[in-house]
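Below are the chains, spelled out letter by letter.
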Amino acid sequence: MTPLQLSPLLGRLLGVSALLSLTACTLGGGGRSGAPDAFLTSQSMKVGQNFLSAARPVSASNGVGPIENDRSNGTAAANDGQPLRVGGQTFARGLGVSAPSSVDYDLGAQCRAFTAQAGVDDESGSAGSATFRVFVDGRQVFDSGVVRAGRVRDVNVNVEGAERLRLVVDGARGDASHAVWGDAKLQDCVVYKAPIEVTPRGSGTLTLTGNYRSDDPDVPAIKISTTQPVVIENCVVAGRGHLISTRKEGAYTTRANVTVRNCRGYGLNPDIRMREPGRFIHLQGAARVDIRNNFLKQTGGIYLHGGADAPMQRLQIVRNRALNIDGRRSDGKGGWLSATGSDAQEPFVRVQFAQLNDVRGVADAEIAWNRVENEPGFSRVEDNISVYESTGVPGKPIRIHHNLIRGAYAYPATLTGYSGGGIITDGCLSRHVEITDNTVLQTSNHGIAIANGEHVIIRGNRVLGTGVLPDGRLAGGADSGIYVRWARNCSQAGVNLSTNVVADNTVGFGQPSASDPDRRADLYVAPNPQGRALAQQSGNTRVEPTDERITRSQPDIIENAVTEWEGLLGSNDVVVGPQ
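Conventions and cut-offs
- Residues numbered from 1 in each chain as written.
- Predicted model: local features only at pLDDT ≥ 70, side-chain atom pairs only at ≥ 80, totals over all residues.
- Heavy atoms only, no water.
- Pairing = 2+ DSSP bridges.
- Helix = DSSP H or I, 4+ residues; strand = E, 2+ residues; numbered from the N terminus.
- Axes fitted to C-alpha atoms, helices over the stretch in contact; angles between N-to-C directions.
- Contact = heavy atoms within 4.5 Å.
- Core = buried A, V, L, I, M, F, W, Y, C linked by side-chain atoms within 4.5 Å.
- Buried < 20%, exposed > 50% of the residue type's maximum accessible area, 1.4 Å probe, protein only.
- Salt bridge = Lys/Arg side-chain N within 4 Å of Asp/Glu carboxyl O.
- 1 Å grid on protein atoms, 1.4 Å probe; cavity = no way out; pocket = protein on both sides within 12 Å on 5 of 7 lines; lining within 4 Å.
- Points joined across faces, edges and corners; volume = space filled by probe spheres on them.
- Nonpolar A, V, L, I, M, F, W, Y, C, P; charged D, E, K, R; others polar.
- Phe/Tyr/Trp six-rings, centres within 6.5 Å; stacked < 30°, edge-to-face > 60°.
- Lys NZ or Arg CZ within 6 Å of the ring centre and 35° of its normal.
- Disulfide = S-S within 2.5 Å.
- Expected span 1.5 Å × (residues − 1).
- Arc of directions from axis to C-beta.

Some thoughts on the sheet that holds strand β6 (residues 59–61)
Two strands in a sheet stick together by hydrogen bonds in their backbones, pointing the same way (parallel) or opposite ways (antiparallel).
Then step 1. Here 5 strands make up an open sheet; going across it, the order is β6-β11-β16-β13-β14 and the pairing antiparallel. Whereas interior strands pair on both sides, the edge strands pair on one side only; in this sheet they are β6 and β14 (139–148). Pairs of neighbouring strands in the sheet enclose a mean axial angle of 10°, with direction left out of account.
Then step 2. One ladder, built from 7 bridges, connects strand β13 (residues 129–136) with β14; its direction is antiparallel. The residue of β14 that forms the bridge with T131 is V146.

So, in structure tokens, the structure goes:
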């Protein structure tokens, strides 16, 4: 394989060209710089470890005087503090603050962890106390509770893909205790390069590594403009539009041959009203696709559109991990538009972890061993895996197996009319699809569905849901754990309905209401107009008791299902996510 050097100048010489200047968030400026590869500010992020005391905050407030770097808060003057000490332990690096205190840093989606040791500074005396809280992109992720003088509380927070970090200290009794964020630092940080375009060069495989970011929603971080085999590996990619794509500004490259492995992709708020985060991968008419061992966060997932030129030859989406597939639309102010009343108002885009759209006649297709998790209030997925107007071939179906799918929610999560769920075949005819041995949990509206299709097998899956959010409110779904139906606008002429099979599944799917909190909707197979079932059924098991919410008798049933799926990874020698 031919390795590609990735600086813009050398990239142009080798057939890889920078698309646009990167507008990069840095720790130092609190804003964005428009210069190409503009990372070298006075307080820029470094690769690896970065102490917060070397970074310039975006904003800060403090009870007494300014926040101090690498010294205690002292009094009202700047730079008047002493060494940072908690319980006699001295910290050479850290922040000295006085409650109430709040400080914000711009992370630029560059780091994976924030760590610190938090405590009351010894200069406050033995009666001091404080509470420490950490917010990541506006979401509270750490609360120390009351920390007394002399005690140290360890802080270890995941900030992967995040843009904003806020540290808050309050006096436990409303006092102005001096406090310490000792050894406060960001871990596993990267520095991004400008967006890159991969163009033809020679005749071999082109290999791309490194870290790329685009702040223009119309420009992918990595643009593929060649039909040569392209391997993108060991990378970190972030952007406000598509991260990896064959498309830009309406034009796209077909018959691409793309492998993406061991990469991390972060979708960022586009900060343009009515724009949604981009896809992790967006390909049109690709010839061969292999997407494995990646981590996706807050992206629109993987979108593959078939081409009229020729069928896709091979498709692999395996061993990936995804957190919060996100079709929410930006409010243009750093937040998200929110529907009121009904999900049908659609201030969102229907996105999926994996969407096959018009991918027909693919003889080697597998979507397997992926772990997809969506959190209510921080995601908006439609169907986690959607096979739309797409087909395998006789004897070689599209194989969807051993995936863990946990969560599918409207935004806000309580809205009625939500139509998403776990796995679905849809469009006026998808065929030759096998959906087997998946674990589908808490997907609100449905678990696994045949909206239309023939030669579709749903076998050996576990589909469980309570219809209730973690805070006890009702989720916005209304359908069944497994269902088979046929859209009214699609003809059944020439369709062999006896080829659809729903067998050997375990289902317990709640659709509660205020008046019936134990209502279940486990399995539904509709008849055609002549009264004939749209699928054969056998060996399906409903979670007992069938007249109550599944967690009443088995409160740990959801977590146990996750644990059992994780056990399968070890017994099958499978590793999910980047290596």
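Structure's up, so let's keep going.
Here's the deal with the environment of R264
Then step 1. Within the fold, R264 resides in strand β26 (residues 264–267).
Then step 2. For R264 and E160, which are 104 residues apart along the polypeptide, the C-alpha to C-alpha distance reads 9.5 Å.
Then step 3. Excluding residues that lie within four positions of it along the chain, R264 makes contacts with R112, E160, C235, V236, V237, F295 and P578.

Some words on the nonpolar core
Then step 1. I232, I302, L304, I317, F353 and I400 are the most contacted members of the largest nonpolar core, which totals 75 residues.
Then step 2. Take this core: its biggest share by element is 4 residues, from strand β21 (residues 229–239).
Then step 3. Each residue touching I302, except ones within four places of it in the same chain, is listed here: R279, F280, I281, I291, L296, I317, Q352, F353, A354 and Q355.

Some details on the pattern of salt bridges
Then step 1. Counted according to the given criterion, the structure contains 36 salt bridges.
Then step 2. Residues R380 and E382 are paired through a salt bridge, measuring 2.6 Å at the closest nitrogen-oxygen approach. Across this residue pair, the class does not change: R380 and E382 are buried.
Then step 3. Between R473 and D471 there is a salt bridge, with its nearest N and O atoms 2.8 Å apart.
Then step 4. For R473, a relative accessible area of 47% gives the class partly exposed.
Then step 5. A single network of salt bridges, built from pairs that share partners, joins D290, R292, R314, D364, E366 and R399.

As for empty space enclosed by the protein
Then step 1. Counted by the stated rule, this structure contains 1 cavity of 30 Å³ or more.
Then step 2. Lining of the largest cavity is provided by Y409, Q442, T443, S444, T466, G467, V468 and A475.
Then step 3. Its residues assigned to classes, the lining of the largest cavity shows 3 nonpolar, 5 polar and no charged.

Topic: the packing of aromatic side chains
Then step 1. Counting across every chain of the model gives 2 aromatic pairs.
Then step 2. With 6.4 Å between their ring centres and 55° between their planes, F114 and W181 make a pair best called tilted. Here F114 is found in strand β12 (residues 113–120), whereas its partner W181 is found in strand β17 (residues 178–189), with 67 residues between them in sequence.
Then step 3. Taking relative accessible area as the criterion, W181 reaches 1% and is therefore assigned buried.
Then step 4. Both rings, one in F132 and one in W181, keep their centres 5.2 Å apart while their planes meet at 90°; by these two values the pair is edge-to-face. On the criterion of sequence distance, the pair formed by F132 in strand β13 and W181 in strand β17 is long-range, its members being 49 residues apart.
Then step 5. Across from the ring centre of F51, 4.4 Å away, lies the NZ or CZ of R93, which sits over that ring.

Focus: the pairing of β26
Then step 1. Covered by surrounding structure in β26 are R264 and Y266 together with G265 and G267, the residues of both alternating faces.
Then step 2. Pairing between β26 and strand β29 (residues 295–297): 3 bridges, direction parallel. Among the inter-strand pairings, R264 is bridged to a residue of β29, identified as F295.

Thoughts on the state of the cysteines
Then step 1. A full pass over the atoms with the stated rule returns 3 disulfides.
Then step 2. Note that C111 is cross-linked by a disulfide to C189, the S-S spacing being 2.1 Å. Judged by the sign of its S-S torsion, about 105°, the bond between C111 and C189 is right-handed. On the criterion of sequence distance, the pair formed by C111 in the loop between β11 (101–106) and β12 and C189 in strand β17 is long-range, its members being 78 residues apart.
Then step 3. Judged by its relative accessible area of 2%, C111 falls in the buried class.

Quick look at the pairing of strand β28 (residues 288–292)
Both faces of the sheet carry side chains from a regular strand, because those side chains alternate between them.
Then step 1. Note that strand β25 (residues 257–261) and β28 share 5 bridges and pair parallel. Residue pairing across strands places T259 opposite D290, the latter belonging to β28.
Then step 2. As defined by bridge partners, β28 adjoins strand β31 (residues 314–318) across 5 bridges and the pair is classed as parallel. Bridge pairing in β31 links V289 to L315.

Concerning helix α3 (residues 557–571)
An α-helical turn contains 3.6 residues, so a residue and the one three or four places further along point in the same direction.
Then step 1. Here α3 spans 21 Å end to end across 15 residues, near enough to the 21 Å set by a 1.5 Å rise per residue.
Then step 2. Within α3, burial applies to I557, I558, A561, V562, W565 and L569. Each buried residue of α3 lies within a common arc of 145° when the element is viewed along its axis, so the set occupies one face. Among the exposed residues of α3, those oriented more than 90 degrees off its buried face are G570 and S571.
Then step 3. Taken together, the buried residues of α3 touch β35 (371–373), β38 (404–406), β41 (439–441), β44 (462–465) and α2 (550–553).
Then step 4. Phi turns positive, to about 55°, at D573, one or two residues after α3.

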